[in-house]
Amino acid sequence: MSVKIDNPIEALNEIVIGSVIPDDDREWVPQAENVWFRPLCLNRSEGYWVNLLKVKKSGVLSRHRHPAAVHGFVLKGQWSYLEHDWEAKQGSYVFEPPGETHTLIVPEHVEEMITLFQVNGVMIYVDSLGEMTGYEDVFTKIEMCKKHYQENGLGEDFVNQFIR
């Protein structure tokens, strides 16, 4: 027996994505050379985003820090942080504590890495001395998506399905 419970009228619609890894490569937004992200939830009201990060190159990806926690789940391939001795392999969960600075590295033998990340707040890119060189937040992610989807024929409104 099912019971119908009315949701509050103010409640946002859910997001359901049947195929998280899309068939249409245009849904992957370029972030850097050989690096893309696929948005799943861009929560502008709470300042976080959930996306897949896809990397098709080995080597150092970026040095960065977060003022809030980050959660990751490796779907394919593997990666590590220069500052730690562990490796995140397919099936691994990673919790990144607030304030930590780390350098993401994809090993030489990995042809493709895909990881689901929930990033809370902002991602601050830093140089080897820890000085800020750039940042990303949910609003820069939304703008990157709008621009990319407009340019590739999906239309800038394609991103709206992920925004909450």
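Structure: above.
Computed from a predicted model, the values in this text were never measured in an experiment.

I would appreciate a short explanation of the side chain of Glu112 in the present structure.
Structurally, Glu112 can be placed in the loop between strand S9 (101-106) and strand S10 (113-120). Looking at Glu112, the relative accessible area reads 15%, which means it is buried. Polar side-chain contacts of Glu112 include one of 2.5 Å to the side chain of Lys76. Non-local contacts of Glu112, meaning those with residues more than four positions away in its chain, are made with Lys54, Val55, Lys56, Lys76 and Gly77.

When you look at the pattern of salt bridges in this model, what are you seeing that I'm missing?
A side chain with one charge may pair with a side chain of the opposite charge, provided their charged atoms come close. Per the counting criterion, the structure on display carries 9 salt bridges. Measuring nitrogen to oxygen at the nearest pair gives 3.8 Å for the salt bridge that ties Glu143 to Lys146. With Glu143 and Lys146 both in helix H1 (residues 138-151) and 3 residues apart, the pair spans about one turn of that helix. Glu143 gets classed as partly exposed once you look at its relative accessible area, which sits at 48%. When the shortest N-O distance is used, the salt bridge between Glu151 and Lys147 registers 3.1 Å.

Honestly, the nonpolar core in this entry has me stumped. Any pointers?
In terms of nonpolar packing, the biggest core is built from 29 residues, with Leu42, Trp79, Val106, Met113, Cys145, Tyr149 and Val159 touching the most fellow members. Of all elements in the fold, only strand S2 (35-43), strand S3 (48-55), strand S5 (70-76), strand S6 (78-81), S9, S10, strand S11 (122-126) and H1 reach the threshold of two or more residues within this core. The leading source of residues in this core is H1, at 4 residues. Setting aside its immediate chain neighbours within four residues, Val159 contacts Leu42, Cys145, Lys146 and Tyr149.

Whenever I open this one, unusual backbone geometry confuses me. Can you help?
Outside of glycine, negative phi angles account for most residues, and trans bonds account for most peptide bonds. Phi at Asn34 takes a positive value of approximately 65°, unusual for a residue other than glycine. Tracing the backbone shows Asn34 in the loop between strand S1 (29-32) and S2.

Please explain the sheet that holds S9 as it appears in this structure.
Pairing between the strands of a sheet comes from backbone hydrogen bonds, and it takes one of two forms, parallel or antiparallel. One open sheet accounts for 6 strands, arranged S7-S6-S9-S4-S11-S12; its pairing is antiparallel. Of all strands in the sheet, those bounded by a partner on one side alone are strand S7 (87-89) and strand S12 (132-137). In this sheet, adjacent strand axes meet at a mean angle of 30° when their direction is disregarded. In the sheet, strand S4 (residues 59-65) pairs with S9 via 6 bridges, with the strands oriented antiparallel. Within S9, the residue paired with Gly59 across the bridge is Val106.

Help me out: how do you make sense of the packing of aromatic side chains in this one?
Aromatic ring pairs: the centre-centre distance and the angle between the two ring planes describe each pair. Evaluation of the coordinates by the stated rule reveals 6 aromatic pairs. Here the aromatic rings of Tyr149 and Phe158 are separated by 4.8 Å at their centres, their planes lie at 75°, and the arrangement is edge-to-face. Classification of Tyr149 by relative accessible area gives buried; the value is 0%. These aromatic residues form a ring-pair network of at least three members: Trp79, Tyr81, Trp86 and Phe117. Positioned above the aromatic ring of Trp36, the side-chain terminus of Lys54 is 5.3 Å from the ring centre.

The rules behind each value
- Residues numbered from 1 in each chain as written.
- Predicted model: local features only at pLDDT ≥ 70, side-chain atom pairs only at ≥ 80, totals over all residues.
- Heavy atoms only, no water.
- Helix = DSSP H or I, 4+ residues; strand = E, 2+ residues; numbered from the N terminus.
- Buried < 20%, exposed > 50% of the residue type's maximum accessible area, 1.4 Å probe, protein only.
- Polar contact = N/O pair within 3.5 Å; in protein donor to acceptor, adjacent residues only side chain to side chain.
- Contact = heavy atoms within 4.5 Å.
- Salt bridge = Lys/Arg side-chain N within 4 Å of Asp/Glu carboxyl O.
- Core = buried A, V, L, I, M, F, W, Y, C linked by side-chain atoms within 4.5 Å.
- Pairing = 2+ DSSP bridges.
- Axes fitted to C-alpha atoms, helices over the stretch in contact; angles between N-to-C directions.
- Phe/Tyr/Trp six-rings, centres within 6.5 Å; stacked < 30°, edge-to-face > 60°.
- Lys NZ or Arg CZ within 6 Å of the ring centre and 35° of its normal.

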